[in-house]
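# Understanding the architecture of this molecule
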Amino acid sequence: MEEFRRSYSRLCQESGAEPQEAVLQQLHQLPRGRLDLATQSLTVDTCRALGTLLQTEALLRELVLSDCMLSEEGGQAPAPGNNLQAAGAEALGKLLRQNKSIQSLTLEWNHLGAWEDAFATFCGGLSANGTLQQLDLRNNQISHKGAEELALALKGNASLQQLDLRWNNIGLLGGRALVNCLPSNRTLWRLDLAGNNVPGDVLRAVEQAMDHNQDRHATFRESQARTHVLSKEVQHLREEKSKQFLDLMETIDKQREEMARGSRASAARVGQLQEALNERQSIINALKAKLQMTEAALALSEQKAQDLRELLAAAEQEQLSQSQKQAKERRLEQQEAAERESKLLRDLSAANEKNLSLRNQVDELERKVKSQQEQLFLTRQELTNTSAELKIRAVQAEERLDMEKRRSRQSLEDAENLRLKEVERMTRHLEESERAMQERVQRLEATRLSLEEELSRVKAAALSQRSQAEEELIKARSQAHREEQQHLAHLEDKLRLLTLARDEAQGTCLQQQQKVVEAQARAGQLSLQVDGLQRRLEELQQELSSKDQEKVAEVNRVRVELQEQNGRLQAELTAQEALREKVAALERQLKVLARDHREALRDRESENASLREKLRLREVEIARVRDEEAQRASLLQSAVLAYVQGAPPRALSPQK
């Protein structure tokens, strides 16, 4: 980062401006890989210099430009800061498109979402970026249009893992757009939408999608860890084989050295024998020369010469017998070496056959262990998926039951309040009409004698109207009571069905728990079996190593070993080829497992889509029921108003 600081100072001086002391201080105190310029008032020249450096800087991992008070001209150079205009957001999009090292970007308290076109350019740069993992966009005035652009960017982005959108103006439409884009994004596992006026169901859908991505991320890390462990095991096997090969080559070199020493000893022995023969030959030649030289002197002593001839014949016979004896000993040694060699070859072939049978047994045990491990993994995965699905269904059933209970109570309370209000209104109307009649009677009391017949007719008409109104009121009360009883019975049926569904789900959960216990017991048995097989494998390996040591000790005593060692080298090479084939088979199995996992994820996403469609249909049905209740209430209100106003009630029936 010291080089970054010097480059910043140099660019500012080339542009004819002085470097800012606050920025130099931040760069001096800068930890490796992180640039924090929050709450710094950056000038245009500083922004231009930083923008030039950030395009080529490969060591910077985190950039913080919160509350920087940048102008539009300054925002065009590096990246957006606080209160940026449209050009600043577009410049930030270009920076994200070009930079390949920044992994964390903090842009809180800016106004990036105020200009839709510029924010769309920023989202395009985010879609093309392949290194950014964390993005903070709090308090940026992002509307539902900006959220739709962000959703399009998330569909194309494959590196972003955390996105903070708190305290914006996303709303219902923006939340739905983000929810619709989440099935296409498999890397984002954290999305904060607090303070955006997003409904609770959308937040729950986002939370479910994030949980799904977290599970996928954990599964991916687990598969990577397994792949790493398998690669380590393969590397370890390769190292062991190479070590064995080197040991074998060392053994061959030692045997060659021993053979060379033996050949040198034989050559030395033959040389010694040849020297002895030469010495004897020289002695014989000396004797012959002496005999020739003294032949004239010994002519008189023939007996002495005869003795010398006998001695010479005896020496020659002894030499001949010694040479024959040595030849016989050599033949016996060759026969013994041939018999020992044939015996060692038979033992070596038997040991090779036994080694092959042991290797076949080891391969069979490894295949069994791998198949059992795969079955155990599949059983655990299926159990986890089933338990999660049952929990989700139980929670959904309980939520629906609570919603139906609250809705039924609310509807009953509303109907009862409406009925009480109508009764009070009609009672007040009757009281007011009675008071008016009494006042009229008092006013007309002076003319009571002349208008007595008319008064009696008016009283009879009032009584008939009152009785008719009471009959209408009784009919309305009975009809409302019947409708309430029907609705209550319908809600009780729904409640009973939901209770039965919850009981079934609980029974299924108990069954699944029993299956889990059985699977765990089976897994314990399998682990015990695997431990036993591993111990047996170690014993076999120890026996095999002891046999190999015995075989090496026997082979060291054989002089002709080169051809057999070449055969063993070829066998080891074939074994290494078999190991390579096993490694390739393991890699193919890993690819098949990854493909199956991706298919399972697609199936789960399709199930989620079907559940969302069912939820939408349920909401439509609830809205229809609410409309019917509102129509019924309006019809009842119109009937009561018609009665109060004195008009005859019309024959109205609620729409079904």
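For the structure itself, look to the data block above.
A quick note: this is a predicted structure, and the numbers were derived from the prediction, not measured.

What counts, and where the lines are drawn
Along each chain, numbering runs from 1 in the same order as the chain's sequence is written. Confidence filtering applies because this is a predicted model: local features only for residues at pLDDT of at least 70, side-chain atom pairs given and counted only at 80 or more, and all residues used for totals across whole chains, interfaces and linings. The side-chain values count all of the structure's non-hydrogen atoms but skip hydrogen atoms and water molecules. Segments assigned H or I by DSSP are reported as helices when at least four residues long, segments assigned E as strands when at least two residues long, and all are numbered from the N terminus. In this analysis, the expected span of each helix is defined as 1.5 Å times one less than the number of residues it contains. For each residue, the accessible area found with a 1.4 Å probe, counting protein chains only, is set against the maximum for its type, and the residue is called buried under 20%, exposed over 50%, and partly exposed in between. A strand pair is defined by DSSP finding two or more bridges across the two strands. Angles shown run from 0 to 180 degrees and are taken between the N-to-C directions of axes, each axis being a line fitted to C-alpha atoms and, for helices, limited to the stretch in contact. Working rule for angles: under 35 degrees goes down as roughly parallel, over 145 as roughly antiparallel, 65 to 115 as roughly perpendicular, anything else as oblique. For any pair of crossing helices, the crossing counts as left-handed if the nearer helix is rotated counterclockwise from the farther one by less than a right angle, and right-handed if it is rotated clockwise. Contacts: residue pairs with any heavy atoms within 4.5 Å of one another. Each residue is assigned to one of three groups, with Ala, Val, Leu, Ile, Met, Phe, Trp, Tyr, Cys and Pro labelled nonpolar, Asp, Glu, Lys and Arg labelled charged, and all others, Gly among them, labelled polar. Each salt bridge in this description consists of a side-chain nitrogen of Lys or Arg and a carboxyl oxygen of Asp or Glu lying within 4 Å of one another.

### A short note on helix H1 (residues 2-14)
The end-to-end C-alpha distance of H1, which contains 13 residues, comes to 18 Å, matching closely the 18 Å that a straight helix rising 1.5 Å per residue would cover. Within H1 the residues assigned to the buried category are Phe-4, Ser-7, Tyr-8, Ser-9, Leu-11 and Cys-12. Gly-16 lies just past H1 and shows a positive phi near 85 degrees.

### Examining the sheet that holds strand S4 (residues 134-136)
Across the sheet, which stays open at both edges, the 6 strands sit in the order S1-S2-S3-S4-S5-S6 with parallel pairing between neighbours. The open sheet has two edge strands, strand S1 (34-36) and strand S6 (190-192), and neither has a second partner. For this sheet the average axis-to-axis angle between neighbouring strands, irrespective of direction, equals 0 degrees. Bridge analysis of S4 against strand S5 (residues 162-164) gives 3 bridges, and the strand direction is parallel. For Asp-136, the partnering residue across the bridge sits in S5 and is Asp-164.

### Description of the packing of helix H6 (residues 116-128) against helix H7 (residues 144-156)
Two numbers describe how H6 lies on H7: the axes approach to 8 Å, and their chain directions differ by 15 degrees. By the angle class used here, H6 and H7 are roughly parallel. The interaxial crossing formed by H6 with H7 has right-handed handedness. Across the interface between the two elements, Glu-116, Phe-119, Ala-120, Cys-123, Leu-126 and Ser-127 of H6 pack against Lys-145, Gly-146, Glu-149, Leu-150, Ala-153 and Gly-156 of H7. By residue class, the composition of the contact of H6 with H7 is 6 nonpolar, 3 polar and 3 charged.

### Notes on the pattern of salt bridges
Following the criterion strictly, the structure yields 15 salt bridges and no others. Measuring nitrogen to oxygen at the nearest pair gives 2.9 Å for the salt bridge that ties Arg-604 to Glu-607. One end of the pair is Arg-604 and the other is Glu-607, both in helix H12 (residues 562-644) and 3 residues apart, which spans about a single turn. Between Glu-629 and Arg-632 there is a salt bridge, with the nearest N and O atoms lying 3.6 Å from each other. With a gap of 3 residues between them, Glu-629 and Arg-632 both fall in helix H12, about one helical turn apart. Glu-629 gets classed as partly exposed once you look at its relative accessible area, which sits at 30%. Take Arg-632: its relative accessible area is 24%, and that puts it in the partly exposed class. Where salt bridges share partners, they join Glu-108, Asp-136, Arg-138, Asp-164 and Arg-166 into one cluster.

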